[in-house]
Amino acid sequence: MVLRRCRKLLGDDHTARDAMHDVFVQVLSHSDALTDQAPSSLLFRIATNVCLNRLRTRRRRPEDGDALLVEIAERTDPAARSAARAALDTLFRNEPADTALIAVLHLHDQMTLEEVAAEVGMSVSGVRKRLAKLRTKLHSLEARP
Amino acid sequence: MTRVPDWLVERVALDEVPPASRDRLAGVDLADRIAAVKAANAAELAAYPAAPAVASIQERAATAAKRAAERRRVRKVTMIGLATSAAAIAIVVGFVVTRSTPVAPRIAEVNIDDDVRVKGHPRVIAFRQVGDHAEKLAPDTVVHEGDLLQLRYNAGGHPYGVIASLDGAGGVTLHFPQREDAPTAMAAKTTALPEAYALDNAPKFERFFIITSAEPIDVQGTLAAVRALAARPDGGEAELDLPQGLHQWSLRLRKGTP
């Protein structure tokens, strides 16, 4: 499950395997603070964060595609597509890490607001506000000359 | 009916469906997809036995634990340092400021043989692949999209370092260490980074920073400083705003039109 998740977010198999190792390193490193409830949810969340961290530090080359983030932008607002492609780095750069996680879970994984809220331990209204803020930020980036 | 997403199929296969998702599964037959997940798991384990991965993970976890302990030790030393007398602090600050003065932005002629320990200031040395040989790039050399660069570094005797680049589009890339949570210990001799880099279509410049210190470096904080510089109009020339005790040097390459 973890490897499939990393493959889906990162694309290539080698990077995904390396990221999978990182996921379990984090699990081992924080084992004292973890509970044994819903381990698949925990692993899914850690894997998503590990992959997002890697995407944030990856060089933006055209061939990299950053398909995941582009997809997020497209689902957030199809009309803002071209501007969003250019602004993705700016979009997520100064956001809390869990905003990107929320965006991925809702816009990429098609989780409902309720499912996202349960996954990240926030209220539904909190999740809705984060997504609304993200949309607003996209629009403001689009409006830049 | 909307297709059940893959993540939820995985949860069903593990019998860990969250309460918030149960309604989505009413009347849905996932038997084939669950069978496919289990078959993929079996194929993966057959092709890649777990033991080597477990060993690698345990080794990384041990390294991470060691580094966390090192960070705690550094914090403790810092707190002790803050409690010392004002005179002692003034001496230390004076020393740090002196040592933080940026060095001249040029590449000295150095022996780049990996087996030779090279003294001098910390620096990044860039080579461009030209046919079957490597061309050493001087500051402000014009490079182009698609050029393949290999980086070497010399830490100038400093034990810890971070290498990151900033391009004219504001893109920031971490080159060393390879991950934000990896140790920042640098080799004592001139060393090549393991990966070459193909330049993208970012305009104006590519600027490679090497940030070194006598202590382990906060990679995320350092990247934040590079990103902050990226947001400034003088990102191609200005220095990074870094905490005292960190040394910086940069190599700038100009981007030419295709």
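In what follows, the structure referred to is the one given above.
Residues numbered from 1 in each chain as written. Chains lettered and ligands numbered in written order. Predicted model: local features only at pLDDT ≥ 70, side-chain atom pairs only at ≥ 80, totals over all residues. Heavy atoms only, no water.

**Here we look at the overall build of chain A**
Okay, so step 1: The number of helices and strands found in chain A is eight helices and zero strands.
Okay, so step 2: In sequence order, the secondary structure elements of chain A are arranged as α-α-α-α-α-α-α-α.
Okay, so step 3: Among the 145 residues that make up chain A, the fraction classed as buried is 50%.
Okay, so step 4: Relative to all contacts within chain A whose residues are 6 or more apart in sequence, the contacts with residues 24 or more apart total 60%.
Okay, so step 5: Put simply, chain A shows about 6,700 Å² of open surface, and 53% of that area lies on carbon and sulfur atoms. (Helix = DSSP H or I, 4+ residues; strand = E, 2+ residues; numbered from the N terminus. Buried < 20%, exposed > 50% of the residue type's maximum accessible area, 1.4 Å probe, protein only. Contact = heavy atoms within 4.5 Å. Areas by Shrake-Rupley, 256 points an atom, 1.4 Å probe, with all protein chains shown as cover.)

**Things to note about the overall build of chain B**
Okay, so step 1: In terms of helices and strands, chain B carries five helices and nine strands.
Okay, so step 2: Starting at the N terminus and ending at the C terminus, chain B contains elements arranged as α-α-α-α-β-β-β-β-β-β-β-β-α-β.
Okay, so step 3: For chain B, buried positions account for 39% of its 258 residues.
Okay, so step 4: For chain B, the share of sequence-separated contacts (at least 6 apart) that also reach a separation of at least 24 residues comes to 73%.
Okay, so step 5: Summing over all exposed atoms, chain B offers an accessible surface of approximately 14,000 Å²; the carbon and sulfur share of this is 58%.

**A closer look at the environment of A:Cys51**
Residue and element names in this part refer to chain A.
Okay, so step 1: Its place among the elements puts Cys51 in helix 3 (residues 39-57).
Okay, so step 2: In this structure, the C-alpha to C-alpha distance between Cys51 and Leu101, residues 50 residues apart in sequence, is 10.0 Å.
Okay, so step 3: Excluding anything up to four places from it in sequence, Cys51 contacts Cys6, Leu9 and Leu10.

**Describing the sheet that holds strand 7 (residues 191-198) of chain B**
Residues and elements named next belong to chain B.
Okay, so step 1: Spatial strand order, 2-1-4-7: four strands in an open sheet with antiparallel pairing. Every other strand in the sheet has two partners, leaving strand 2 (133-137) and strand 7 as the edge strands with one partner each. Averaged over all adjacent pairs, the angle separating strand axes in this sheet is 30°, with direction ignored.
Okay, so step 2: In terms of strand pairing, strand 1 (residues 123-130) meets strand 4 (residues 148-154) through six bridges, oriented antiparallel. If you follow Ala126 over to strand 4, its bridge partner there is Leu151. (Pairing = 2+ DSSP bridges. Axes fitted to C-alpha atoms, helices over the stretch in contact; angles between N-to-C directions.)

**Regarding the packing of helix 1 (residues 2-10) of chain A against helix 2 (residues 31-47) of chain B**
For any two helices packed against each other, the geometry comes down to the angle between their axes and how far apart the axes lie.
Okay, so step 1: Packing of helix 1 of chain A against helix 2 of chain B leaves a shortest axis separation of 11 Å and a crossing angle of 95°. It follows that helix 1 of chain A is roughly perpendicular to helix 2 of chain B by the angle criterion. The residues of helix 2 of chain B that touch helix 1 of chain A, namely those facing A:Leu3, A:Arg4 and A:Arg7, are B:Val37, B:Ala40, B:Asn41 and B:Glu44. (Parallel < 35°, antiparallel > 145°, perpendicular 65-115°, else oblique.)

**Description of the interface of chain A and chain B**
Okay, so step 1: Between chain A and chain B, the contact holds 36 residues from the first and 38 residues from the second.
Okay, so step 2: Buried area between chain A and chain B, both sides added, is near 3,000 Å², and the carbon and sulfur share of it is 47%.
Okay, so step 3: The interface formed by chain A and chain B contains nine salt bridges.
Okay, so step 4: A:Asp18 is the salt-bridge partner of B:Arg60, the closest N and O atoms lying 2.2 Å from each other.
Okay, so step 5: Of all the secondary-structure elements, those providing two or more residues to the side of chain A that touches chain B are helix 1, helix 2 (13-29), helix 3, helix 5 (81-93) and helix 7 (113-120) of chain A.
Okay, so step 6: Considering each element in turn, the side of chain A that touches chain B owes the most residues, nine residues, to helix 2 of chain A.
Okay, so step 7: Across the side of chain A that touches chain B, the residue classes tally to ten nonpolar, eight polar and 18 charged. (Buried area = accessible area lost by both parts, 1.4 Å probe. Salt bridge = Lys/Arg side-chain N within 4 Å of Asp/Glu carboxyl O. Nonpolar A, V, L, I, M, F, W, Y, C, P; charged D, E, K, R; others polar.)

**Notes on the sheet that holds strand 3 (residues 142-143) of chain B**
Residues and elements named next belong to chain B.
Okay, so step 1: Ordered in space as 3-9-8-5-6, the five strands form an open sheet in which the pairing is mixed. What marks the edges here is a single partner per strand, and that holds for strand 3 and strand 6 (172-176).
Okay, so step 2: As defined by bridge partners, strand 5 (residues 160-167) adjoins strand 8 (residues 205-213) across eight bridges and the pair is classed as antiparallel. Pairing of Gly161 across the sheet is with Thr212, part of strand 8.
Okay, so step 3: Packing of helix 5 (residues 219-230) onto the sheet brings it into contact with strand 5, strand 6 and strand 8, and relative to strand 5 it is tilted by some 25°.

**Re unusual backbone geometry**
The phi angle of most residues is negative, glycine excepted, and most peptide bonds adopt the trans form.
Okay, so step 1: Cis peptide bonds are those with omega within 30 degrees of zero, and the linkage from B:Phe176 to B:Pro177 qualifies with -10°.
Okay, so step 2: You can see B:Pro177 is positioned in the loop between strand 6 and strand 7.
Okay, so step 3: The phi torsion at A:Gln110 lies on the positive side, around 60°, for a residue other than glycine.
Okay, so step 4: Within the element layout of this structure, A:Gln110 appears in the loop between helix 6 (97-108) and helix 7.
Okay, so step 5: Backbone geometry places B:Lys204, a non-glycine residue, at a positive phi of 70°.
Okay, so step 6: Residue placement: B:Lys204 occurs in the loop between strand 7 and strand 8.
Okay, so step 7: Looking at B:Lys204, the relative accessible area reads 58%, which means it is exposed.

**Focus: the nonpolar core**
Okay, so step 1: Ranked by size, the top nonpolar core spans 43 residues in total, and within it A:Val2, A:Cys6, A:Val23 and A:Val127 carry the most contacts.
Okay, so step 2: With nine residues, helix 3 of chain A is the single largest residue contributor to this core.
Okay, so step 3: Dropping the residues within four chain positions of it, A:Val127 is found in contact with A:Ile102, A:Leu113, A:Val116, A:Ala117, A:Val120 and A:Met122.
Okay, so step 4: B:Ala164, B:Ile217, B:Val219 and B:Ala230 belong to the second-largest nonpolar core, a separate cluster that totals 20 residues. (Core = buried A, V, L, I, M, F, W, Y, C linked by side-chain atoms within 4.5 Å.)

**Some details on the side chain of A:Ser40**
Okay, so step 1: Relative to the helices and strands, A:Ser40 resides in helix 3.
Okay, so step 2: Taking the relative accessible area as the measure of exposure, A:Ser40 reaches 2% and is therefore buried.
Okay, so step 3: Side-chain polar atoms of A:Ser40 contact the side chain of B:Glu16, separated by 2.5 Å.
Okay, so step 4: The residues contacting A:Ser40, other than those within four sequence positions of it, are A:Met1, B:Arg11, B:Leu14 and B:Glu16. (Polar contact = N/O pair within 3.5 Å; in protein donor to acceptor, adjacent residues only side chain to side chain.)

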